[in-house]
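Listed below, chain by chain, are the residues.
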Amino acid sequence: MSTFTKFDARLLTSYDADASALLGDDYWRVEKPFRFYLDSKFSDRWVDIPLGFLTDGASIPRVLWNIIPPWGIYGQAAVVHDRLCETLEITEVIDGIQRQTKITRKECDAVLVEAMLVLNVPKAKLWTIQTGVDLYRITTNPKEPVVSRVKLSLELGYTSQLVA
């Protein structure tokens with residue numbers, strides 16, 4: 001990881017009670033879109049987090065919230081990871097052409113770690129989150145993006161309302 005890897009904006013979210021009720025968990029809506037550059041500042045590889053994206057923060061089992069709550073210094077990294085879990089792709093510019101490139105779940109989890117390093121997450125918390133994510137990936141072996149159609153429709157509906 002380069003020390004120049006960075007986010008292009010701070011995280012700004014608001015709790016969405018309606019989405020939370022429909023999705024059966026607590027969800028926050030991204031109120032300001034942002035980009036996380038991979039490898040180096042303003043690199044040709046990044047992840048975009050769109051306006052209206054719904055996130056539950058770090059997907060930590062409730063029983064562990066007294067140790068690692070869903071939100072903390074790692075919050076913005078968790079949002080990037082949520083987005084990547086749903087798409088399993090990053091944006092790249094190759095030979096001057098911008099395109100979406102598929103990544104593996106292991107690569108997705110590595111971006112989470114990179115983002116936590118950028119946010120200066122304390123080593124013990126970073127290790128705990130990384131270990132949990134790695135154990136989940138190893139035990140469940142997800143190969144496809146995981147996304148809820150209801151969640152997608154709530155995100156699309158939100159951005160449609162803003163345009164209208």
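Note: the structure precedes this text.
These figures come from a predicted structure and were not determined experimentally.

A look at the nonpolar core
Here is step 1 of the chain: Grouped together as the largest cluster of nonpolar side chains are 33 residues, with contacts concentrated most on Ile-49, Val-80, Leu-84 and Met-116.
Here is step 2 of the chain: In this view, Ile-49 contacts Val-30, Pro-33, Phe-34, Val-79, Val-80 and Arg-83; residues no more than four positions away in its chain are not counted.

Focus on the packing of aromatic side chains
Geometry of an aromatic ring pair is reported as the spacing of the ring centres plus the angle between the planes.
Here is step 1 of the chain: Taken as a whole and judged by the stated rule, the model has 3 aromatic pairs.
Here is step 2 of the chain: Pairing Tyr-15 with Trp-28 gives two aromatic rings, centres 5.5 Å apart and planes at 70 degrees, and the pair type is edge-to-face. Linking Tyr-15 in strand β1 (residues 13–15) with Trp-28 in strand β2 (residues 28–30), this pair joins segments that are 13 residues apart in sequence.
Here is step 3 of the chain: Residue classification places Tyr-15 among the partly exposed residues on the basis of a relative accessible area of 42%.
Here is step 4 of the chain: Their ring planes at 75 degrees and their centres at 5.3 Å tell us that Trp-28 and Trp-71 sit as a pair that is edge-to-face. Of this pair, Trp-28 sits in strand β2 while Trp-71 sits in the loop between β5 (54–55) and α2 (75–87), and the two are 43 residues apart along the sequence.
Here is step 5 of the chain: Given a relative accessible area of 24%, Trp-71 falls into the partly exposed group.
Here is step 6 of the chain: Pairwise contacts between aromatic rings join Tyr-15, Trp-28 and Trp-71 into one cluster.

Section: the pattern of salt bridges
Here is step 1 of the chain: Summed over all chains, the structure comprises 10 salt bridges.
Here is step 2 of the chain: A salt bridge links Lys-151 to Glu-86, with the shortest nitrogen-to-oxygen separation between them at 2.7 Å. Residue Lys-151 is located in helix α5 (residues 149–163), and its partner Glu-86 is located in helix α2; the two are separated by 65 residues in the primary sequence.
Here is step 3 of the chain: Its salt-bridge partner being Asp-109, residue Arg-105 comes within 3.1 Å of it at the nearest N-O pair. Of this pair, Arg-105 and Asp-109 both sit in helix α3 (residues 105–118), 4 residues apart, which is roughly one turn of that helix.

Points about the sheet that holds strand β6 (residues 89–94)
Here is step 1 of the chain: Within the open sheet, the 4 strands sit side by side as β3-β4-β6-β7. Their pairing is antiparallel. Looking along the sheet, the strands with just one partner apiece sit at the ends: β3 (34–37) and β7 (97–102). Looking at each pair of strands side by side, their axes are set apart by 35 degrees on average, direction ignored.
Here is step 2 of the chain: For strand β4 (residues 45–49) and β6, the ladder comprises 2 bridges, and the chain directions are antiparallel. When the sheet's bridge partners are listed, Arg-45 is paired in β6 with Glu-92.

Regarding helix α4 (residues 123–140)
Think of an α-helix as 3.6 residues a turn; residues three or four steps apart then line up on the same face.
Here is step 1 of the chain: Look at α4: 25 Å from first C-alpha to last across 18 residues, which is about the 26 Å you get at 1.5 Å a residue.
Here is step 2 of the chain: Taken together, the buried positions of α4 are occupied by Leu-126, Ile-129, Val-133 and Arg-137. Each buried residue of α4 lies within a common arc of 75 degrees when the element is viewed along its axis, so the set occupies one face. Exposed side chains of α4 directed beyond 90 degrees from the buried face belong to Lys-123, Ala-124, Trp-127, Ile-138 and Thr-139.
Here is step 3 of the chain: Just beyond α4, the residue with positive phi is Asn-141, at close to 50 degrees.

A word on the side chain of Ser-43
Here is step 1 of the chain: Within the secondary structure, Ser-43 is located in the loop between β3 and β4.
Here is step 2 of the chain: There is a polar contact of 2.8 Å between the side chain of Ser-43 and the backbone oxygen of Arg-45.
Here is step 3 of the chain: Beyond its immediate sequence surroundings of up to four residues, Ser-43 is in contact with Tyr-37 and Leu-38.

Some remarks on the pairing of β4
Here is step 1 of the chain: Across 4 bridges, the pairing between β3 and β4 is antiparallel. Looking at the pairing, Tyr-37 lines up with Trp-46 of β4.

Definitions and cut-offs
- Residue positions are counted from 1 within each chain, in the order its sequence is given.
- Local features in a predicted model are, by the rule used here, given only for residues with pLDDT of at least 70; side-chain atom pairs are given and counted only at 80 or more, and totals for whole chains, interfaces and linings are based on all residues.
- By convention in this description, side-chain values take in all heavy atoms of the structure and omit both hydrogens and water.
- We call a set of buried Ala, Val, Leu, Ile, Met, Phe, Trp, Tyr and Cys residues a nonpolar core when their side-chain atoms join them within 4.5 Å.
- Only protein chains enter the accessibility calculation, which uses a 1.4 Å probe; a residue is then buried when its area is under 20% of its type maximum, exposed when over 50%, and partly exposed in between.
- Two residues qualify as a contact provided that any one of their heavy atoms is within 4.5 Å of a heavy atom in the partner residue.
- Two aromatic rings, drawn from Phe, Tyr or Trp (for Trp, its six-membered ring), form a pair once their centres lie within 6.5 Å of each other, and the interplanar angle then sorts them: stacked below 30 degrees, edge-to-face above 60, tilted otherwise.
- Under the DSSP-based scheme used, a helix requires at least four consecutive residues in state H or I and a strand at least two consecutive residues in state E, with every element numbered from the N terminus.
- Within this document, salt bridges are pairs made up of a side-chain nitrogen of Lys or Arg and a carboxyl oxygen of Asp or Glu, the two lying within 4 Å of each other.
- At least two DSSP bridges between two strands are required for those strands to pair.
- Note on definitions: angles span 0 to 180 degrees between N-to-C directions of axes, and those axes are lines fitted to C-alpha atoms, for helices only across the stretch in contact.
- Multiplying 1.5 Å by the helix residue count minus one yields the expected span of that helix.
- In this description, the arc belongs to the directions extending from the helix axis to the C-beta atoms.
- In protein, a polar contact means a hydrogen-donor-capable atom and an acceptor-capable atom, both N or O and within 3.5 Å, with residues adjacent in sequence counting only if both atoms are side-chain atoms; elsewhere, any N or O pair within 3.5 Å suffices.

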